[in-house]
Amino acid sequence: MSLKARITDDMKAAMRGRATPDEAQRAKETARLGTIRLLLAAIKQKEVDERIELDDPVLGDPIIGGIVEKLIKQRKDSISQFQAAGRDDLVAAEQAELAALQAYLPEQLSAAEVEVAVAAAIAESGAASARDMGKVMALLKPRLAGRADMGQVSALIKTRLAG
């Protein structure tokens, strides 16, 4: 099953969940449904812009993963800004959207697995200083995309190459 099909099925399930008599469950499903619809709209926009179909799991899932990562990054930025402004109500809404979106990311790598991948990429690229960081990132980005926070990977590479 492609990721797009799974997202569509989840949307249908959330729509059915809104019909429950339990008010708290209905509110939760309504928020989740809104997030899923937002994701599907972003996917559709990508399909229209690039004139492609993202139904194929092999070709579409990595692109959809990138869309999910972008939306997650937006939510994290919003959460930090809302926290700085003291808007706890908006923080809670963004965190709920963040949780709904994270369900569509592949399984995340552990810190030890990321360190092993970084060490292997540094050795493979022959990087010796911080100037070679681009080479290492070019190797790691396709390998770790969606499975690790690339900001943390970048920081780890900097510390490895500096030390």
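Residues numbered from 1 in each chain as written. Predicted model: local features only at pLDDT ≥ 70, side-chain atom pairs only at ≥ 80, totals over all residues. Heavy atoms only, no water.

A. Quick peek at the overall build of the protein. Along the backbone of the protein there are seven helices and zero strands. Reading the secondary structure of the protein in the N-to-C direction produces α-α-α-α-α-α-α. Projected onto its principal axes, the C-alpha positions of the protein cover 60 × 40 × 30 Å. Counting the 163 residues in the protein, one finds 32% classified as buried. By sequence separation, contacts in the protein at least 24 residues apart represent 56% of the contacts at least 6 residues apart. When the accessible surface of the protein is summed, it comes to about 9,800 Å², and 56% of that surface belongs to carbon and sulfur atoms. (Helix = DSSP H or I, 4+ residues; strand = E, 2+ residues; numbered from the N terminus. Buried < 20%, exposed > 50% of the residue type's maximum accessible area, 1.4 Å probe, protein only. Contact = heavy atoms within 4.5 Å. Areas by Shrake-Rupley, 256 points an atom, 1.4 Å probe, with all protein chains shown as cover.)

B. Spatial organisation of the packing of helix α3 (residues 57-85) against helix α4 (residues 88-102). Following both chains from N to C, one finds α3 and α4 inclined at 160 degrees, their axes separated by 9 Å at the closest point. Comparing their axes, α4 and α3 come out roughly antiparallel. You can see that α3 and α4 cross each other, and the crossing is left-handed. On α4, the residues that touch Val 68, Leu 71, Ile 72, Arg 75, Lys 76, Ser 78, Ile 79, Phe 82 and Gln 83 of α3 are Leu 90, Val 91, Glu 94, Gln 95, Glu 97, Leu 98, Leu 101 and Gln 102. For the contact of α3 with α4, the class distribution of residues is nine nonpolar, four polar and four charged. (Axes fitted to C-alpha atoms, helices over the stretch in contact; angles between N-to-C directions. Parallel < 35°, antiparallel > 145°, perpendicular 65-115°, else oblique. Left-handed = near helix turned anticlockwise from the far one by under 90°. Nonpolar A, V, L, I, M, F, W, Y, C, P; charged D, E, K, R; others polar.)

C. Region of interest: the side chain of Asp 10. One can find Asp 10 in helix α1 (residues 3-17). Within the local environment of Asp 10, its side chain forms a polar contact with the side chain of Tyr 104, the two groups lying 2.7 Å apart. Discounting residues that sit within four places of it in the chain, Asp 10 has contacts with Arg 32, Ile 36 and Tyr 104. (Polar contact = N/O pair within 3.5 Å; in protein donor to acceptor, adjacent residues only side chain to side chain.)

D. Structural view of the pattern of salt bridges. A complete count under the given rule lists 14 salt bridges for this structure. A salt bridge links Arg 75 to Glu 94; the nearest nitrogen and oxygen atoms lie 3.6 Å apart. With Arg 75 in helix α3 and Glu 94 in helix α4, this residue pair connects regions lying 19 residues apart in the sequence. Comparing Arg 75 with Glu 94, the two get one shared label, buried. Within the structure, one salt-bridge network assembled from shared partners comprises Lys 4, Lys 44, Glu 47 and Asp 55. (Salt bridge = Lys/Arg side-chain N within 4 Å of Asp/Glu carboxyl O.)

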